[in-house]
Amino acid sequence: MLQKFKVSCDNITVVRNIRGACFEPYGHVVQEIKAREESFTSVEFVHEGRMSNGDAHRLARGSLYEAAGRHVWFISPPEGVCTPYSHTS
């Protein structure tokens, strides 16, 4: 029952279009995002540099060479997609 969240994006133009009026070729997608935003208490769209979301960037770049459709990796993602994380107390 998530009602408040923040969405980050490394493309400042996309963030600006979601926050304001969008006349880009993907304007219909922005309109749908705005319509769904009304279903939540608080949604914030923020810009973050590409360096802060390396995994997402590598995944998006890697998908350029995949066939159209959805792709899910349950065990072994493509090389360079996931960064190992180790938690130390």
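Up top is the structure.
Predicted, not measured: the structure shown is a model, and the values here were computed from it.

**Concerning the overall build of the protein chain**
In step 1: What the protein chain contains, in helices and strands, is three helices and two strands.
In step 2: Starting at the N terminus and walking to the C terminus, you meet the elements of the protein chain as β-α-α-β-α.
In step 3: The burial tally for the protein chain puts 13% of its 89 residues in the buried class.
In step 4: Taken as a whole, the protein chain presents about 7700 Å² of accessible surface, with 56% of it coming from carbon and sulfur.

**Concerning helix α1 (residues 12-19)**
In step 1: Three or more residues of α1 are buried, namely Val15, Asn17 and Ile18. In an axial view of α1, the angular spread of the buried residues amounts to 165°, which keeps them on one side of the axis. Seen from the buried face of α1, the exposed residues on the opposite side, beyond 90 degrees, are Arg16 and Arg19.
In step 2: Where α1 is buried, its residues touch β1 (4-9), α2 (27-37) and β2 (42-47).
In step 3: Here α1 starts with a cap whose side-chain oxygen sits 2.9 Å from the backbone nitrogen of Thr13, and that cap is Asn11.

Conventions and cut-offs
Residues numbered from 1 in each chain as written. Predicted model: local features only at pLDDT ≥ 70, side-chain atom pairs only at ≥ 80, totals over all residues. Heavy atoms only, no water. Helix = DSSP H or I, 4+ residues; strand = E, 2+ residues; numbered from the N terminus. Buried < 20%, exposed > 50% of the residue type's maximum accessible area, 1.4 Å probe, protein only. Areas by Shrake-Rupley, 256 points an atom, 1.4 Å probe, with all protein chains shown as cover. Arc of directions from axis to C-beta. Contact = heavy atoms within 4.5 Å. Polar contact = N/O pair within 3.5 Å; in protein donor to acceptor, adjacent residues only side chain to side chain.

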